[in-house]
2 protein chains.
Amino acid sequence: MKFFFEPKGIAVVGATPSKGKGGNIIVSNLKKGYPGPVYPVNPRYREIEGFTCYPSVLDVPDPVDLAIVFVSAQMVPQVVEACAARKIPGVMIQSAGFSEIGPQGESLQKSTKQIADKSGIRLWGPNCMGLVDAKHQFIFSTVTPTIWDTGLTSGNVSLIAQSGMLAGAFLIDLISHGAIGIAKVCSIGNKMDVDENDLLEYLIDDPDTGAIGLYLESFADCRRFMKLSRSTPKPIVILNGGKTARGAAAALTHTASLSANGVIVSGAMAQAGIAEARGFYQLTDYCKTLARYPETSPESQNRVAVLTYTGAAGIVSADIMDEHGLALSELTSATLNELQTVFPEWMPPSNPVDMWPGIILNGTKKAYGKAMAAVCSDPGVDAVFAHCFVGGFNLDPDLEMMTKTARQAGKPFFCWISGEHEHVHKFQIAAQRLGVLVFREVVRAVECMALLLNRISVDAVSVRAGNAQEVNKVATDTCIRILETQSGELNEHVTKQVLALYNIPVVEEKSVSTLDEALQTAKDFGFPLVAKGIIPGISHKTESDLVQLDITSEKGLELAIQRLQRTMQGRGSVLIQKQIDGKIELMAGFIRDPQLGPCVMCGLGGIFAEALNATVFGVAPLNLTDALNMINRLKCRNVLDGYRGFEPVDKMVLARIIVALGNLGCDHPRIQEIDINPLIVHKGLPIAVDGLLVLSGNGNI
Amino acid sequence: MKFFFEPKGIAVVGATPSKGKGGNIIVSNLKKGYPGPVYPVNPRYREIEGFTCYPSVLDVPDPVDLAIVFVSAQMVPQVVEACAARKIPGVMIQSAGFSEIGPQGESLQKSTKQIADKSGIRLWGPNCMGLVDAKHQFIFSTVTPTIWDTGLTSGNVSLIAQSGMLAGAFLIDLISHGAIGIAKVCSIGNKMDVDENDLLEYLIDDPDTGAIGLYLESFADCRRFMKLSRSTPKPIVILNGGKTARGAAAALTHTASLSANGVIVSGAMAQAGIAEARGFYQLTDYCKTLARYPETSPESQNRVAVLTYTGAAGIVSADIMDEHGLALSELTSATLNELQTVFPEWMPPSNPVDMWPGIILNGTKKAYGKAMAAVCSDPGVDAVFAHCFVGGFNLDPDLEMMTKTARQAGKPFFCWISGEHEHVHKFQIAAQRLGVLVFREVVRAVECMALLLNRISVDAVSVRAGNAQEVNKVATDTCIRILETQSGELNEHVTKQVLALYNIPVVEEKSVSTLDEALQTAKDFGFPLVAKGIIPGISHKTESDLVQLDITSEKGLELAIQRLQRTMQGRGSVLIQKQIDGKIELMAGFIRDPQLGPCVMCGLGGIFAEALNATVFGVAPLNLTDALNMINRLKCRNVLDGYRGFEPVDKMVLARIIVALGNLGCDHPRIQEIDINPLIVHKGLPIAVDGLLVLSGNGNI
């Protein structure tokens, strides 16, 4: 891909001397920073913007690594043909009029792609705004150049955007507001050939790129995307557009019905250690935060010291921090004593540190300087959040000194800036040059602090692990044999036999055909028992009156079986189960996602699971850490930790169940869906009490 | 209060000729716009800033309505004494050094207050930044004046802030960024005398004020605050600082333990129709939105048309709108045909409307103009969200025309602006003058749209209503008699007798003392039954093995009673209940909040209630609409609406239970707490299955 990013020479096909036209802007933009040879291509001109113009790419002399194409869509195939003949390794098509305009454009795109496939050259675009490299001042784009002249501040965040206008317009906004320093911006358009994964791979190895942000509406290959992300400690942030348009799969299990609105992709991103943003500014906020502090901090180190010039902002910050799972540092007495030296006697400092009395006494610079030093040397402070004001009240801080203090102490430093418009703008630009994370809103700063301090590292590769390694060949073969004899929806008894082969804890149960057999089972299991009527094709047993709970005596068992037999009218069989009592009912499942393939789910069971959105998804196969991380992403995880006197759930057992579910699905391609519902937690251990496994195809029946 | 806002003459006590000092800034600020007489007071000078200076307020000639005081704290009492003697009706103390600095300041504050109480004059402050009236250019404040000179853009939002620095600093930020147009800003400081309710009452009647925003850390009288808000259709927005510091009451019921972190205040605000903001910018965003569109729209009119210059922003907006409960309008074919006239043939328009092809064809102004007209005349569009870009791509829109179109159609109009820094700033200033709601971030715009479109009106007064009106004197008297004989925690049987007197549906149950009695009860009720052991002082029956469920036969009943008697060892009595089955378990309760007095709660029951924060609070007494609104604020309300094939919950019955619980607590002051847990929904009707009522004092025992 280097020929796109550091081309030795560039041909501009469709170049024109007409100012303001795209074919001219590309050439003019190249003049601003690109030091290599530029070859405008247009049969109608001899010279454009001071460069010799060539009638065709075939006439362009060496060296030429890259052709930037801006001609009408219809002409693109013949230009690409010529580029292939000229052996130009990279072609960047900025023209529009391809798949985005419907069937006609789609066929044009297909035929263009075929030319590239045959010749081995790579195509970037079409329908894109190209590439900007702020460090080298390379602008391979039709984007209007006003902003480039006033200063393209470079930084170490690179962006990939599946939207031309967004890459162009939003970049202008970001840079002119001093919001972020940019390394490279790649507008990938229709992803005819070069896609986000190719660019991601390149940027992961790019020394100028410290963090990568992506806006994507579709994935070329989401599994590869995850793998690339796991392969590097370099932070990656994604804004995944169009989630709400993604409906749930029409399917038989709860697991499938819970899979709408991008929750599977969200699970996949989290599993791969990719941060997910909800909007454009959060995408860039997250990128600049992680580019500045790329290391992951150990879990639960989430204690923040707040320095503020107004108590109210300190109070509101604490509220917002609490909402985001951050805590206020409890400052040590050494720190408090140190703070006291700049405070009036009547005011004992606390966190949030209301600096105002200290500022009155010592001035802003001294008060903030001392306070920064004090909180930065406190071992109970994991990050510092300073509120600054410029343009009034003599509050202008010495940002450089504060930054230096934080850097020396190795503490992440976040700053909220407000004040008079022009002063604020200058402060933002200065902060950006100093590499300080400055935000215009407390909420945005806190969101980034939470992202950083709650961030965990993921394993570089997801090796299939855990439970599965213990599944021996005999069990696997047994499983294959069972599945071969089945089709469609398996009844709960067979489902649990399969689950048990993968070491998933299931309730003790036995299918019985006589009362004697039932009574013997009762002796073996002990009371209380549950009796269920199993009728082929009926999976909603409760609604069909096929469940008898709380059987506590032999007489009761007899009555229950009689009742079931009356209901079944000779159609089914009776299943006797040990009754499992537990206050916490979970749910777990497996699904094949059209995009991601085998996926697993776990979460809160019962009717509120969906209503309260208390489930999470992961991509199979998973390792144990993946599964534990999944569990920790659950909104109801405090319940699992032994909430209100309940016994805590053994998370390792739950993680092994999730891993095993994924492995089961991966091993047997006919498995379409699995529900374990409920997965009742009994004395801290989750046990599958009911289950539904759905197969595709007919096996060997 | 008019003497504070429109004083006929102003004395400035502590005035000084020293530039930059507070006592000089006040006088200089008055010169900028205040047309009435200004009387500096300071025995050391004859003249300050061109005004005659007086040695004491006693020497100040008429008219003088207001004294602004900026002297050292110790001198304040004697100044106030003099003001009282001079009969100056309003005194605004801007000096600090009172209750905010500890015990010494507190006693100073108390003695100052006593002087005012005796004389009847009103005190504003101390420790405040005073008052700014942008329309009249009145600046009664020590806030540095740079910003006032460059233009104090007036508008119709008034703010009340319990924080001096915040009122001053944040105001400078807001105004200089063109974020909001201000009517009045009141910094209320320590609220020694004049408090938020006094100012709220004044601003509700102020014709220049269209919406009122408050930052409060404490309430002078929260009930009065609610009453004032309900008395006016004028929108009120609050940012309630310090929520997370408010712990739950140490108490016996779930209701009490769920009352932490300001959830009761949040419930109270919602009940009074007050919008609650989470941060400073959201406070002002909400204020400007509601000041612009003060009418409440009918419920569920939440359909938005999005006009964008980039498909990606349209997609992301739709995602964020979905998260906030907003829908995309389904445009009529007439609208789509109208849009098509500015679009190329190959692109059929849809919502979000990606304007880019239309812009290429017709230019921004024509394309956006036509599109605005089309969506504004669509009956399925409740609001329009337009994305605008300035400073490149020839995208500058004709904001004035778009605004006019929206205004004529009576459709709320929201705009997201991005682009080059200086252009954006100018656009914001222009938009503010035009009265257009412009936001720098999609998320912030969507939050405001959601606020506006989901807003409901509340009744002007909360008349005690519903169930209670049916509680006749006999029932009330019976209730009094029962409570007189009890103290502390009432057992569930007595609790339910009390609940039943207030027409709260309770489970059929009977306390029995013999097996025969139990068997007769079984005949009356029918199986299945529950038997419970009632032991005085033991409220956790399940944990103490005092509950026998699923009794389905006379034999089973006998066994169950035997078991309970073994456990109780002669200490208690047996309660036989009809077993109520239902998938939905709710919870309801009553509590006396130290701040708000009698309050009610309802929500999801079980262990996940607290973990998932699925409960809401209200302030008693409530009317039926209040109670129904409470239910609609529940996060799990979709479950109540008949989710996944479950029978919907009769919300009117649930609302009557909530109303009755509040009335019960209000009627009987000894009732401290009530829990109904669970409140099981059986065939759509909630029934109290277990309950705990806690009394204070000893009654007549």
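In case you missed it, the structure is sitting above this.
Residues numbered from 1 in each chain as written. Chains lettered and ligands numbered in written order. Predicted model: local features only at pLDDT ≥ 70, side-chain atom pairs only at ≥ 80, totals over all residues. Heavy atoms only, no water.

### What about the environment of Ser513 of chain B?
Residues and elements named next belong to chain B.
Inference 1: You can see Ser513 is positioned in the loop between strand 22 (509-512) and helix 21 (515-525).
Inference 2: Under the relative-accessibility criterion, Ser513 is labelled exposed at 62%.
Inference 3: Between the C-alpha atoms of Ser513 and Val27, which are 486 residues apart in sequence, the distance is 84 Å.
Inference 4: In terms of polar contacts, Ser513 uses its side chain to reach the side chain of Glu517, at 3.0 Å. (Helix = DSSP H or I, 4+ residues; strand = E, 2+ residues; numbered from the N terminus. Buried < 20%, exposed > 50% of the residue type's maximum accessible area, 1.4 Å probe, protein only. Polar contact = N/O pair within 3.5 Å; in protein donor to acceptor, adjacent residues only side chain to side chain.)

### Things to note about the relation of the copies chain A and chain B
Inference 1: With an RMSD of 0.1 Å, chain A superimposes on chain B once it is rotated by 180° and translated 0.0 Å along the axis. The superposition of one copy onto the other is thereby described by a two-fold rotation axis. When C-alpha distances to the rotation axis are compared across chain A, the minimum falls at Asp550 of chain A, with a value of 3.4 Å.
Inference 2: The share of interface residues of chain A whose copies in chain B are also at the interface is 100%, consistent with both copies meeting through the same surface. (Least-squares fit on C-alpha atoms with pLDDT ≥ 70 in both. Contact = heavy atoms within 4.5 Å.)

### A short note on the pairing of strand 11 (residues 182-187) of chain A
Residues and elements named next belong to chain A.
Inference 1: A large share of strand 11 lies buried, amounting to 6 of its 6 residues.
Inference 2: Inspection of the sheet shows strand 8 (residues 130-133) paired to strand 11 by 4 bridges, in the antiparallel sense. Note that in strand 11 the partner of Leu131 across the bridge is Cys186.
Inference 3: Relative to strand 11, strand 10 (residues 154-161) runs parallel, the two being bridged by 5 bridges. By the bridge assignment for strand 11, Ser154 is matched with Ile182.
Inference 4: For the crossover from strand 10 across helix 6 (residues 164-176) to strand 11, the handedness is right-handed. (Pairing = 2+ DSSP bridges. Right-handed = clockwise from strand over helix to strand, strands pointing away.)

### Quick word on the packing of aromatic side chains
Inference 1: Summed over the entire model, instances satisfying the criterion amount to 34 aromatic pairs over all chains.
Inference 2: A centroid spacing of 5.6 Å and a plane angle of 50° characterise the contact between Phe170 of chain B and Phe280 of chain B, whose relative ring orientation is tilted. On the criterion of sequence distance, the pair formed by Phe170 of chain B in helix 6 (residues 164-176) and Phe280 of chain B in helix 11 (residues 280-292) is long-range, its members being 110 residues apart. By the burial criterion, Phe170 of chain B is buried, and Phe280 of chain B matches it.
Inference 3: By way of ring pairs, the aromatic residues Phe3, Phe4, Phe5, Trp124 and Tyr202 of chain A are connected into one cluster.
Inference 4: The ring centre of Phe439 of chain A lies 4.9 Å from the NZ or CZ of Lys288 of chain A, which sits over that ring. (Phe/Tyr/Trp six-rings, centres within 6.5 Å; stacked < 30°, edge-to-face > 60°. Lys NZ or Arg CZ within 6 Å of the ring centre and 35° of its normal.)

### Brief notes about the pattern of salt bridges
Once the charged atoms of two side chains with opposite charge are near each other, the side chains can pair.
Inference 1: Across all of its chains, the model carries 52 salt bridges over all chains by this definition.
Inference 2: With a shortest N-O distance of 2.8 Å, Lys113 of chain A and Asp117 of chain A are connected by a salt bridge. Here Lys113 of chain A and its partner Asp117 of chain A are both found in helix 4 (residues 103-119), 4 residues apart, which amounts to about one turn of the helix.
Inference 3: Linking Glu447 of chain B and Arg278 of chain B is a salt bridge whose minimum nitrogen-to-oxygen distance equals 3.2 Å. With Glu447 of chain B in helix 18 (residues 442-453) and Arg278 of chain B in the loop between strand 14 (275-277) and helix 11, this pair connects stretches of sequence that are 169 residues apart.
Inference 4: Judged by its relative accessible area of 13%, Glu447 of chain B falls in the buried class.
Inference 5: Taking relative accessible area as the criterion, Arg278 of chain B reaches 37% and is therefore assigned partly exposed.
Inference 6: In the salt-bridge network here, residues are joined through shared partners; they are Arg122, Asp193, Asp198, Glu201 and Arg224 of chain A. (Salt bridge = Lys/Arg side-chain N within 4 Å of Asp/Glu carboxyl O.)

### Regarding the interface of chain A and chain B
How big an interface is tends to be reported as the loss of accessible area on association of its parts.
Inference 1: Chain A puts 73 residues into the contact, and the matching count from chain B is 73 residues.
Inference 2: For the pairing of chain A and chain B, the buried interface totals around 6400 Å² over both sides, and the portion due to carbon and sulfur atoms is 66%.
Inference 3: In this structure, the connection of chain A to chain B is made through 4 salt bridges.
Inference 4: The salt bridge partner of Asp173 of chain B is Arg440 of chain A, with a shortest N-O separation of 2.9 Å. (Buried area = accessible area lost by both parts, 1.4 Å probe.)

### Notes on helix 15 (residues 364-376) of chain B
Residues and elements named next belong to chain B.
Inference 1: Its 13 residues place the ends of helix 15 18 Å apart at the C-alpha level, agreeing with the 18 Å of an ideal helix rising 1.5 Å per residue.
Inference 2: Every buried residue of helix 15 is listed here: Thr364, Ala367, Tyr368, Gly369, Ala371, Met372, Ala374, Val375 and Cys376.
Inference 3: Each element contacted by the buried residues of helix 15 is listed here: strand 15 (303-308), helix 13 (333-340), helix 14 (356-362), strand 18 (383-390), helix 16 (399-409) and strand 19 (413-419). (Expected span 1.5 Å × (residues − 1).)

### Some words on the sheet that holds strand 14 of chain B
Residue and element names in this part refer to chain B.
Inference 1: On the basis of which strands lie adjacent, the open sheet formed by 7 strands has the order 9-8-11-10-12-13-14 and mixed pairing. The open sheet has two free edges, formed respectively by strand 9 (138-140) and strand 14, since each of these has just one partner strand. Adjacent strand axes in the sheet meet at a mean angle of 15° when their direction is disregarded.
Inference 2: Bridge count between strand 12 (residues 211-216) and strand 13 (residues 236-240): 5 bridges; the pairing is parallel. (Axes fitted to C-alpha atoms, helices over the stretch in contact; angles between N-to-C directions.)

### Considerations on the packing of helix 3 (residues 76-85) of chain A against helix 4 of chain A
Residue and element names in this part refer to chain A.
Inference 1: The geometry of helix 3 relative to helix 4 is characterised by a closest axis approach of 9 Å and an angle of 5° between their N-to-C directions. Here helix 4 runs roughly parallel to helix 3, going by the angle between their axes. Within the contact between the two elements, helix 3 uses Val76, Pro77, Val80, Glu81 and Ala84 and helix 4 uses Leu108, Thr112, Ile115 and Ser119.
Inference 2: The residue inventory of the contact of helix 3 with helix 4, partitioned by class, reads 6 nonpolar, 2 polar and 1 charged. (Parallel < 35°, antiparallel > 145°, perpendicular 65-115°, else oblique. Nonpolar A, V, L, I, M, F, W, Y, C, P; charged D, E, K, R; others polar.)

Nothing here speaks to function; it is all geometry.
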